[in-house]
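Coordinate inspection notes
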Amino acid sequence: MAQDVDPERAEVQGLAREAAECRRCDLYRAATQVVFGQGPADAALFLVGEQPGDQEDKAGRPFVGPAGRILDQALAEAGLDRGRLYVTNAVKHFKHEMRGKRRMHQRPNQGEIEACRWWLNREIAVVQPAVIVALGATAARSLMGRPVVLLREEGRPLTWADGRPGVATYHPSAILRARDDAARTRTFAALVAALTQAREMAGDFLRATSKARMG
Ligand code: URA
Ligand code: SF4
């Protein structure tokens, strides 16, 4: 198949296979499997979440659970097609604690974020995106190499530590956790605005990759 001779695609698939054996931190121990990034290896727009959740851990794919459904709605409102984006996470294994029979999400710590940045760097090096969007503080911290005050930076064009342009915005699960409808509506609108901003920043690159993909 033509897709399989695409060298960048093959490189991403190779990285995913390597990451399945990763022991750079302890999170692989309790997780079902690695959840590597997905999407075209020539994507102009690159989205970074925090880490897989319960459903992602079982499916082996990023953003397929409740947060993924919010993300899909926000992408649709921003005029973006998920199939054209590369979507990944700052941390590739599901960190959780058992509460009864439920696996409760736990935030990755700084050491885990730094350990897993190895994979994020390699994904970015292959995909060479025009614009990188951080969904939430964990992704922003990873990409900036230091903590980012999301309230201050949210939705504005910024430059990540590696010099690439991007935008930091809320994580889709912030919308699920919002304390009331007003907060939910406001946070969702901010997420859509940030994704729209990123789409505009990537403008010509998004068109160029679509042409390359059709040819
Ligand atoms: N939350 C994330 O940050 N990433 C996923 O893949 C799913 C939920
Ligand atoms: Fe490796 Fe990242 Fe998994 Fe840690 S979370 S074991 S660094 S892939």
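As the structure is a prediction and not an experimental result, all values here were calculated from the model. (Residues numbered from 1 in each chain as written. Chains lettered and ligands numbered in written order. Predicted model: local features only at pLDDT ≥ 70, side-chain atom pairs only at ≥ 80, totals over all residues. Heavy atoms only, no water.)

Once that is clear, we can look at the site of ligand 1. Taken together, Gly49, Glu50, Gln51, Pro52, Gly53, Glu56, Pro62, Phe63, Ala67, Asn89 and His171 make up the full set of residues adjacent to ligand 1. The contact in question runs from an oxygen atom of ligand 1 to an N or O atom on the backbone of phenylalanine 63, over 2.9 Å. With respect to ligand 1, the side chain of histidine 171 contributes an N or O atom lying 2.7 Å from an oxygen atom. Here ligand 1 has 240 Å² of accessible area as a free molecule, and 93% of this is covered by the chains. In terms of residue class, the shell around ligand 1 is made up of four nonpolar, five polar and two charged. (Near = heavy atom within 4 Å. Polar contact = N/O pair within 3.5 Å; in protein donor to acceptor, adjacent residues only side chain to side chain. Areas by Shrake-Rupley, 256 points an atom, 1.4 Å probe, with all protein chains shown as cover. Nonpolar A, V, L, I, M, F, W, Y, C, P; charged D, E, K, R; others polar.)

Attention shifts here to the site of ligand 2. By nearness alone, every residue bordering ligand 2 is listed as Cys22, Arg24, Cys25, Leu27, Tyr28, Val91, Lys92, His93, Ala115, Cys116 and Trp119. When its residues are assigned to classes, the shell around ligand 2 shows eight nonpolar, one polar and two charged.

The next thing to look at is the environment of arginine 199. Summarising the element assignment, arginine 199 is placed in helix α8 (residues 181-214). In terms of polar contacts, arginine 199 uses its side chain to reach the backbone carbonyl oxygen of alanine 78, at 3.3 Å. (Helix = DSSP H or I, 4+ residues; strand = E, 2+ residues; numbered from the N terminus.)

Tallying each qualifying case throughout the model produces twelve salt bridges. The salt bridge partner of aspartate 57 is arginine 103, with a shortest N-O separation of 2.8 Å. Residue aspartate 57 is found in helix α2 (residues 54-59), and its partner arginine 103 is found in strand β4 (residues 102-105); the two are separated by 46 residues along the sequence. Here glutamate 112 makes a salt bridge to lysine 95, at a shortest N to O gap of 2.9 Å. In this pair, glutamate 112 is assigned in helix α4 (residues 110-127) and lysine 95 in the loop between β2 (86-89) and β3 (96-99), connecting sequence segments 17 residues apart. Residue classification places lysine 95 among the buried residues on the basis of a relative accessible area of 13%. If you follow the salt bridges from partner to partner, you end up with Asp54, Asp57, Lys58 and Arg103 in one network. (Salt bridge = Lys/Arg side-chain N within 4 Å of Asp/Glu carboxyl O. Buried < 20%, exposed > 50% of the residue type's maximum accessible area, 1.4 Å probe, protein only.)

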